[in-house]
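In case you want the letters, here they are:
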Amino acid sequence: MQFRRKPLVTLGFLVFALVAAYEVSQFIITGNMVGLAFIAMAFVGGTIVIGILNNWRNGLYFFIAWLLYEDLIRKYMGNNMAIYFVKDFLGIVVYLAFFLAYRRKKLKTFRPPFFMPLMIFVWFGFMQVFNPASPTFFYGILGMKLYFFYIPLLFIGYALIDTELDLRRFFFVNMGLSVMIVALGIVQSILGSTFLNPEHPAEDLKELSTLYRIAPISGVVVYRPTSVFVSDGRFGHFLTVSWLLFFGFTGYLLLRRGKGRNFAFICVGMIAAASALCASRGVVVWNLFAAIAGSAAFLWGAPWRQGQVIRVLRGLQRAALGAALGLSILFATFPTALLDRLAFYSETLDPRSSTNELANRGWDYPVKNLLAAFNYERWPYGYGIGTISLGGQYVTRILHVPPPTTSVESGYGSIIIEMGIGGIILWLVMSFSIVISGWNVARKLKGTPWFPVAFVIVWYAFLLLFPLTYGGLQPYQDFVLNAYLWLLLGILFRLPTVALSPQFSLGASSPQPSTKRWMI
């Protein structure tokens, strides 16, 4: 019957299937497993695209999963650039599906309080694409992508959360995706660089995946794991955002009913263990600060009038015990791996150590590199957006253009070199506007179960836009951290309008089954 109704469509499908089967058989006969893998990924990708267009919410979760695991595919495929741009394609499809749903008036949107400073910075960045000092126009395209491509996630995050169940689903899905990455990072910290890395990595990735640190006094050598990512730095950044997400969501779970508390506390323990093993001093310091600041904030924002402060105290105690348990298990099973890293931390961070680098790395070195940006003659105007951004080496290699001769190890200094003094001023105005408006939302949620989630989102925005970017431009331009920034900000501004569901109330007798289906 279908053939009679649409014979040309059916015939075309059969011809396509035959051609595809023939091509696959040729790859199998010749033993071209790489080509076969690309065909398999293209087929899966096509299926995912259809799913995204049918349901942008599910498509967003596909997109997040790809962001987190893309590097694993890329490093085993020889750093193939086709893999590198898949996330951009999927992002565009998600944006398209979201826009179509918006046109059908099937979702809610908003105008963020920092919209004007953000748009001014975007427009200024666009003008820098045409900076006459830029070696090529394509550096500008790269810069626009790194700075602004994920901004639409701000509106998608806002529309994603309609109910409390949607919020719980978002965090549980992200915890499920993240816990495997964390677990693999722990294993790799112990087994070394030969685990989860190809035997012959691409030249661009070889150094990134085999980085070691040496304790200056004891001389112990520790490996910096990459987990599923291509570099140790990206894994460290991921641990920072994961710690905040898990910590904040755990604070919310303490004040509501429902399953998932034990899983959340296990995740907290795993993150603590992975942070200790990652051999990154920045991760250890910032996660420790986040735990201290978050604990104080949770107590300040607890529902005192409802008499639930005791629950918050017990929850913080359980979180501390979870982290301690994770470290204890690690010490009992692999004491050398933990003690070697503790030696590295103590010898380089302890103010009493003769080799401590806390003052140098925390202040002297970043300030020196920031001031070095003013040694370049075009610091008032810049050399063009993207000229010293992450991934510029691929533009140089593919287009055979001369690499930029400017570089500083300072995020703010890099913005000055790329966009001049006007760029850093607009960056600071935008950043202050985001953090202040976010804090105003979090403050209004004081005394509600939403406050722990709201606080960690504001803390994350502050951390990424100020100290992390001050130290280097790589954290902000890391696509994982950048995507989570805008997505979480959208969720933050949605929280005040989301009603607390009776099924998760502490007074509810039992949770009611959800009638909302998970459809693709």
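Our structure's up above, just so we're on the same page.
Here we summarise the structure given alongside this text. (Residues numbered from 1 in each chain as written. Predicted model: local features only at pLDDT ≥ 70, side-chain atom pairs only at ≥ 80, totals over all residues. Heavy atoms only, no water.)

### Quick look at the overall build of the protein chain
In terms of helices and strands, the protein chain carries 22 helices and two strands. Out of the 520 residues in the protein chain, the part that is buried amounts to 52%. Here the analysis covers contacts within the protein chain between residues at least 6 apart in sequence; of these, 79% occur between residues at least 24 apart. In the form shown here, the protein chain has an accessible surface area of approximately 24400 Å², with 68% of it arising from carbon and sulfur atoms. (Helix = DSSP H or I, 4+ residues; strand = E, 2+ residues; numbered from the N terminus. Buried < 20%, exposed > 50% of the residue type's maximum accessible area, 1.4 Å probe, protein only. Contact = heavy atoms within 4.5 Å. Areas by Shrake-Rupley, 256 points an atom, 1.4 Å probe, with all protein chains shown as cover.)

### Some details on the packing of aromatic side chains
Scanning the model with the defined rule gives 41 aromatic pairs in all. With 6.4 Å between their ring centres and 85 degrees between their planes, Tyr376 and Tyr383 make a pair best called edge-to-face. On the basis of relative accessibility, which here comes to 15%, the residue Tyr383 falls in the buried class. Within the aromatic cluster, the residues linked to one another by ring pairs are Trp243, Phe247, Phe298, Trp300, Phe432, Trp439, Phe451, Phe455, Trp459, Phe462 and Phe466. For the cation-ring pair, Lys87 lies above Tyr84, with the distance from its terminal atom to the ring centre recorded as 3.8 Å. Between Arg168 and the ring centre of Phe504, over which it is positioned, the NZ or CZ distance is 4.1 Å. (Phe/Tyr/Trp six-rings, centres within 6.5 Å; stacked < 30°, edge-to-face > 60°. Lys NZ or Arg CZ within 6 Å of the ring centre and 35° of its normal.)

### Looking at a nonpolar patch on the surface
Together, Trp123, Phe126, Met127, Phe130, Phe137, Phe138, Ile141, Ile398 and Leu399 make up a nonpolar patch on the protein surface, roughly 910 Å² of accessible area in all. Among the elements of the structure, helix H7 (115-128), helix H8 (137-148) and helix H18 (392-399) are those that each provide at least two residues to the nonpolar patch. With respect to the secondary-structure elements, Phe130 resides in the loop between H7 and H8. (Patch = residues over 30% accessible without salt bridge, like charges linked within 9 Å, V, L, I, M, F, W, Y side chains within 5 Å. Salt bridge = Lys/Arg side-chain N within 4 Å of Asp/Glu carboxyl O.)

### Overview of H7
Taking 1.5 Å of rise per residue, 14 residues should cover 20 Å, and H7 covers 20 Å from first to last C-alpha, within 8% of that figure. Along H7, the positions that sit buried rather than exposed are Pro117, Leu118, Phe121, Val122, Phe124, Gly125 and Gln128. Along the axis of H7, the buried residues cluster in a sector spanning 165 degrees; they form a single face. (Expected span 1.5 Å × (residues − 1). Arc of directions from axis to C-beta.)

### Things to note about the nonpolar core
Tyr147, Tyr150, Leu153, Phe170, Trp427, Trp486 and Leu489 are the most contacted members of the largest nonpolar core, which has 151 residues in total. Among the elements that line this core, the one with the most residues is helix H20 (residues 451-471), at 16 residues. The next biggest cluster of nonpolar side chains, apart from the first, holds six residues, and it includes Met81, Ala202, Leu205 and Val230. (Core = buried A, V, L, I, M, F, W, Y, C linked by side-chain atoms within 4.5 Å.)

### So, helix H14 (residues 281-300)
For H14, which comprises 20 residues, the first-to-last C-alpha distance of 29 Å matches the rise-based estimate of 28 Å (1.5 Å per residue) to within 8%. The complete set of buried residues in H14 reads Arg281, Val283, Asn287, Ala290, Ala291, Gly294, Ala297 and Phe298.

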